[in-house]
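# Fold and contact review
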Amino acid sequence: MNVVGYLVDAVSLGALFALIAVSVGLVFGVLRQINLAQGEVITFGAYSLWLMRTLPVWLAILLCFGVCIAGSLVIQVAVFRPLRGASPLTTLIATFGVSYGLEALWLIAFGPSGNTVSMLTGLNNTLVGGALSLRLITLVKIGSAAALVGGLLLLPFRTSLGLRMPAPAAALHPPPRVRLPNRPVVTSSSGASEASHG
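Fair warning: this is a prediction, and the values are worked out from it, not measured in the lab.

### Focus on the packing of aromatic side chains
Scanning the model with the defined rule gives 5 aromatic pairs in all. Relative to F110, the ring of W50 lies with its centre 5.8 Å away and its plane at 90 degrees, an arrangement referred to as edge-to-face. Here F110 lies in helix α4 (residues 88-110) and W50 lies in helix α2 (residues 38-51), a separation of 60 residues in the sequence. Three or more aromatic residues joined by ring pairs form one cluster here, namely F44, Y47, W50, W106 and F110.

### A short note on a nonpolar patch on the surface
On the surface, F28, I34, L36, L89, L92, I93, F96 and Y100 cluster together into a nonpolar patch covering about 740 Å² of accessible area. Considering each element in turn, the nonpolar patch owes the most residues, 5 residues, to α4. Within the secondary structure layout, Y100 lies in helix α4. With relative accessibility at 56%, the residue Y100 sits in the exposed group.

### Things to note about α4
Between its first and last C-alpha atoms α4 spans 33 Å; for 23 residues at 1.5 Å apiece the expected length is 33 Å, and the two agree. Those residues of α4 that fall on the buried side of the exposure criterion are T91, T95, V98, S99, L102, W106 and F110. As for α4, its buried residues are in contact with α2 and α3 (57-80). G111 lies just past α4 and shows a positive phi near 85 degrees.

### With respect to the nonpolar core
Counting 12 residues, the largest nonpolar core is built from A37, V41, Y47, W50, C68, I75, V79, L83, V98, L102, W106 and F110. At the level of elements, α2, α3 and α4 are the ones that each hand at least two residues to this core. Among the elements that make up this core, the one with the highest residue count is α4 (4 residues). Residues contacting W106, with those up to four places away along its chain left out, are E40, T43, F44, Y47 and G111. Of all hydrophobic cores here, the second largest spans 8 residues; its members include A15, V149, L152 and L155.

### Regarding the environment of V117
Position of V117 among the secondary structure elements: in the loop between α4 and β1 (126-128). Owing to a relative accessible area of 30%, V117 belongs among the partly exposed residues under this scheme. Excluding residues that lie within four positions of it along the chain, V117 makes contacts with L49 and W50.

### Observations concerning the side chain of S48
One can find S48 in helix α2. Dropping the residues within four chain positions of it, S48 is found in contact with C64 and V67.

### Description of the packing of α3 against α4
Taken N-terminus to C-terminus, the directions of α3 and α4 make an angle of 130 degrees; their axes are 11 Å apart at the nearest point. As summarised for this structure, α3 and α4 are arranged oblique, according to the angle between their axes. Crossing geometry of α3 relative to α4 is assigned as right-handed. Here I75, V79 and F80 of α3 come into contact with α4, specifically with A94, T95, V98 and L102. Looking at the contact of α3 with α4, its residues break down into 6 nonpolar, 1 polar and no charged.

### So, the packing of α2 against α3
At a minimum axis separation of 8 Å, α2 and α3 run at an interaxial angle of 145 degrees. In this structure, the crossing between α2 and α3 has a hand that is right-handed. Contact residues: α2 offers V41, F44, G45, S48 and L49, while α3 offers A60, I61, C64, V67, C68, G71, S72 and I75.

Definitions and limits used
- Residues numbered from 1 in each chain as written.
- Predicted model: local features only at pLDDT ≥ 70, side-chain atom pairs only at ≥ 80, totals over all residues.
- Heavy atoms only, no water.
- Phe/Tyr/Trp six-rings, centres within 6.5 Å; stacked < 30°, edge-to-face > 60°.
- Helix = DSSP H or I, 4+ residues; strand = E, 2+ residues; numbered from the N terminus.
- Patch = residues over 30% accessible without salt bridge, like charges linked within 9 Å, V, L, I, M, F, W, Y side chains within 5 Å.
- Areas by Shrake-Rupley, 256 points an atom, 1.4 Å probe, with all protein chains shown as cover.
- Salt bridge = Lys/Arg side-chain N within 4 Å of Asp/Glu carboxyl O.
- Buried < 20%, exposed > 50% of the residue type's maximum accessible area, 1.4 Å probe, protein only.
- Expected span 1.5 Å × (residues − 1).
- Contact = heavy atoms within 4.5 Å.
- Core = buried A, V, L, I, M, F, W, Y, C linked by side-chain atoms within 4.5 Å.
- Axes fitted to C-alpha atoms, helices over the stretch in contact; angles between N-to-C directions.
- Parallel < 35°, antiparallel > 145°, perpendicular 65-115°, else oblique.
- Left-handed = near helix turned anticlockwise from the far one by under 90°.
- Nonpolar A, V, L, I, M, F, W, Y, C, P; charged D, E, K, R; others polar.

Next up, the structure:
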């Protein structure tokens, strides 16, 4: 593999990390809490995709997004909402607990070796041969990550929901006698965060 191939692979991996970083930033910007269990929610989506491998591909992928969003919303309601106003260390430890608990659940349910899903195998075809081995999945990953990161970066500035997002962060610790309604915005940002990399 030559330098161009290494650069394309680096951009592809960077695109994946950018999706995760933007989603963590979105949750932190709204909730002022770090969700360290996001990787486990992604794993939840991957295992749900494995369980739905007999369904049509488009339906399995759509349901995978739904499972990731639902898992994120359950964590937000069950863990983050009761901890609003708690110390940052408390919320950090709680997200570690959720992460370790979900990881243990995956180990019990699916075993330590993991499972593979053979969907859209045509994306593994090589577009360019010879010294430059460029797979179609790499280009799809870069393109979809660019679209999702762009959409998530436009969300706070171009939508009415996004323009209200700074308000919930301020409402979590409001000045006396000021309380802004924040439940729909906080819940929406958690769901949008997971949808970006589900």
